[in-house]
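# Summary of structural features
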There are 2 protein chains.
Amino acid sequence: MTAQYVYINDTFIAAEKASVLITDLAIQRGYGIFDFFKTIGGKPIFLQDHLDRFYTSARKMHLTIPYTPAELKAIIAELMEKNDLPDSGIRMTLTGGYSADGYQLPETHNLIITQQHFLMNLDLNTSGIKVVTYDYQRQLSGMKTIDYSMAIWLQPFIRENNADDVLYHNDGQVKEVPRANFWMVNEAQEVITAKSSVLPGVIRKNLLSLENHPYKIVERDFSLQELDHAAEAFITSTTKHILPVLQIDGRPVGDGKAGKISSALLNLLVEKVRKN
Amino acid sequence: MTAQYVYINDTFIAAEKASVLITDLAIQRGYGIFDFFKTIGGKPIFLQDHLDRFYTSARKMHLTIPYTPAELKAIIAELMEKNDLPDSGIRMTLTGGYSADGYQLPETHNLIITQQHFLMNLDLNTSGIKVVTYDYQRQLSGMKTIDYSMAIWLQPFIRENNADDVLYHNDGQVKEVPRANFWMVNEAQEVITAKSSVLPGVIRKNLLSLENHPYKIVERDFSLQELDHAAEAFITSTTKHILPVLQIDGRPVGDGKAGKISSALLNLLVEKVRKN
């Protein structure tokens, strides 16, 4: 089931006709930002966090969203009504826009809002994933840009290494996976995610700000060596919530099974999602 | 004067209607490659070098160009005939293509060939340019990808520093400017361009392979400290040939004027272009 409508700039159009001219700076120079949130039963989840980040990414990337957050919310509501997809993922993209010389950043940009059916699994996926490590620091890492060149380029490398995704580290300092933040639980039961030069994930933020629980959840940088001794590891993202990482570079994390703290944190997170 | 026709995949279409669907991986994930060559008086310059690089970029980026080089040459010739722009720039872009999930690299990609009027200046531009340095290593630097996120993002920074362009260095090792290779002439009259992790520029290649001249032209890495003592500096690109760099971070290079060796090399290069 695919959505019927896409919103581009100021118009709802049929998804299969949604296009941009080739002079757009996304096509010419890979320049743009986006954000992505899910809806569950017709309700957008952590919408304010996603809007905050979308406007922050835009400002930091010298882009202007042509609507106020209230106007954008109204457009999203109208798109949801037209498409009638209660369980969905909604992506807001702002490309560099049409550049006369294909290089200078223009004053106006192209806003594209798409919606697709997506049913969120609220239970822990105990099958987890396997990751392979790769030395790479995402550029402009504090903003949610469309630049996933390295991630796409590494797809064959990931397959060759019998992994599901790649874990970036910068000269041994653990960072993130391309579309999710990465966490480890150490032997002292601290729950840790990298602090510097990573995407400010919305699930990451909501996990760091969880209340009324016995866990020590911290953001601080940590190394691959420290990760070697992890009891549990997992990734967090809008579509995954908490997904266990069971193997890193072919070696099991802890006992190689989905961890108890990962499971407990997911329950707390789902509670927060339900209250949202 | 703008071109009337653009070639997309298998069709010539009116430039103002040339578009791609928003599911293209260039828009979704900034993934694609391109190459760009000029025509002078209806003759493509260093075409074989550009085609070689385009096919190499494609292969290294796991992309397949849907034509043989001979077929691509025929398409380019037909585009040139249709547009009737003897002095022009021609850009071949290969985007990631339409991805069902907006992430996995599809089997087929989108080929876009555009042409625009461009009159090459064969004389030395003695006004030169001023650059400001910035610590940055281009990712996937050996391939000509569409990723210019950093360059576009730095446009306000360049303006604020009263410069015309940015010179990237990686922790003090001089690299390149976003759309051109960078060269220095040292006090011993060696002509030097960075060897590692830079774009394999076509003018760079043709300068390194110049014959019958008294200059020592070398590729080796060099530092900002060595650059401080340069007698001359310049950039090389398809649209600039050799363009003097007269100021770096507000300080003059050598005597602050276009250099004699830069000028002599341009003459040799133009000779090669005329023979091409």
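Please refer to the structure placed before this passage.
Keep in mind it's a predicted model, so treat the numbers as computed, not measured. (Residues numbered from 1 in each chain as written. Chains lettered and ligands numbered in written order. Predicted model: local features only at pLDDT ≥ 70, side-chain atom pairs only at ≥ 80, totals over all residues. Heavy atoms only, no water.)

For the rest of this paragraph, the subject is the overall build of chain A. When helices and strands are tallied, chain A shows eight helices and 17 strands. For 276 residues, the compact-globule estimate of 2.2 N^0.38 gives 19 Å, and the C-alpha radius of gyration of chain A, at 19 Å, lies within 12% of that figure. Considering only C-alpha atoms, chain A reaches an extent of 55 × 40 × 30 Å along its principal axes. The buried share among the 276 residues of chain A stands at 57%. (Helix = DSSP H or I, 4+ residues; strand = E, 2+ residues; numbered from the N terminus. Rg over C-alpha atoms; globule rule 2.2 N^0.38 Å. Buried < 20%, exposed > 50% of the residue type's maximum accessible area, 1.4 Å probe, protein only.)

Residues and elements named next belong to chain B. Across all of its chains, the model carries 18 salt bridges over all chains by this definition. Across the salt bridge formed by Glu176 and Arg138, the nearest N and O atoms sit 2.8 Å from each other. Placement of the pair is Glu176 in strand S10 (residues 173-177) and Arg138 in the loop between strand S8 (129-135) and helix H4 (149-153), with a sequence separation of 38 residues. Across the pair, Arg138 and Glu176 agree in class, each one buried. Between Arg204 and Glu219 there is a salt bridge; the shortest N-O distance is 2.7 Å. With Arg204 in helix H6 (residues 202-208) and Glu219 in strand S13 (residues 216-219), this residue pair connects regions lying 15 residues apart in the sequence. Given the relative accessible area of 8%, Arg204 is considered buried. (Salt bridge = Lys/Arg side-chain N within 4 Å of Asp/Glu carboxyl O.)

All names here are of chain A. Judged by relative accessible area, which is 34%, Glu219 ranks as partly exposed. Along the backbone, Glu219 and Asp24 are 195 residues apart, and their C-alpha atoms lie at a distance of 37 Å. For Glu219, the contacting residues outside a window of four places in its chain are Thr193, Ala194, Lys195, Arg204 and Leu208. Of note is the side chain of Glu219, whose polar atom sits 2.7 Å from the side chain of Arg204. (Contact = heavy atoms within 4.5 Å. Polar contact = N/O pair within 3.5 Å; in protein donor to acceptor, adjacent residues only side chain to side chain.)

Counting residues at the interface gives 45 residues for chain A and 45 residues for chain B. Looking only at chain A, the three residues that lose the most surface to chain B are A:Ile22, A:Arg29 and A:Tyr103, adding up to 19% of its buried area. The interface formed by chain A and chain B includes 21 residue pairs in polar contact (both at pLDDT 80 or more). Contributions of two or more residues to the side of chain A that touches chain B are made by strand S1 (5-8), strand S3 (19-21), helix H1 (25-29), strand S6 (88-95), strand S7 (110-117), helix H4 (149-153) and helix H5 (155-160) of chain A. (Buried area = accessible area lost by both parts, 1.4 Å probe.)

What follows is about the nonpolar core. By size, the foremost hydrophobic cluster in this structure holds 97 residues, and its most contacted members are A:Leu72, A:Ile76, A:Ile113, B:Leu72, B:Ile76 and B:Ile113. Setting aside chain neighbours within four positions, we find B:Ile113 in contact with B:Val6, B:Tyr7, B:Leu72, B:Ile75, B:Leu79, B:Ile90, B:Arg91 and B:Met92. Residues A:Phe182, A:Met184, A:Leu227 and A:Leu243 belong to the second largest nonpolar core, which totals 20 residues. (Core = buried A, V, L, I, M, F, W, Y, C linked by side-chain atoms within 4.5 Å.)

A separate point is the sheet that holds strand S5 (residues 43-44) of chain B. All names here are of chain B. Pairing is antiparallel in the open sheet, where six strands are placed in the order S2-S1-S7-S6-S4-S5. If you trace the sheet from one side to the other, it starts and ends with strand S2 (11-14) and S5, each paired once. With eight bridges connecting them, strand S4 (residues 32-40) and strand S6 (residues 88-95) associate as antiparallel partners. From the neighbouring strand, Gly32 faces S6, where its bridge partner is Thr95. The strands touched by helix H3 (residues 69-83) are strand S1 (5-8), S2, S4, S5, S6 and strand S7 (110-117); relative to S7, the strand with the most contacts, the crossing angle is about 40°. (Pairing = 2+ DSSP bridges. Axes fitted to C-alpha atoms, helices over the stretch in contact; angles between N-to-C directions.)

Every regular strand shows the same layout, with side chains that alternate between the two sheet faces. All names here are of chain B. Bridging between S1 and S2 involves four bridges; their strand directions are antiparallel. Paired with Tyr5 across the bridge in S2 is Ala14. Counting the residues that bridge the hairpin from S1 to S2 gives two residues, and of these Asn9 lies at a positive phi of roughly 60°.

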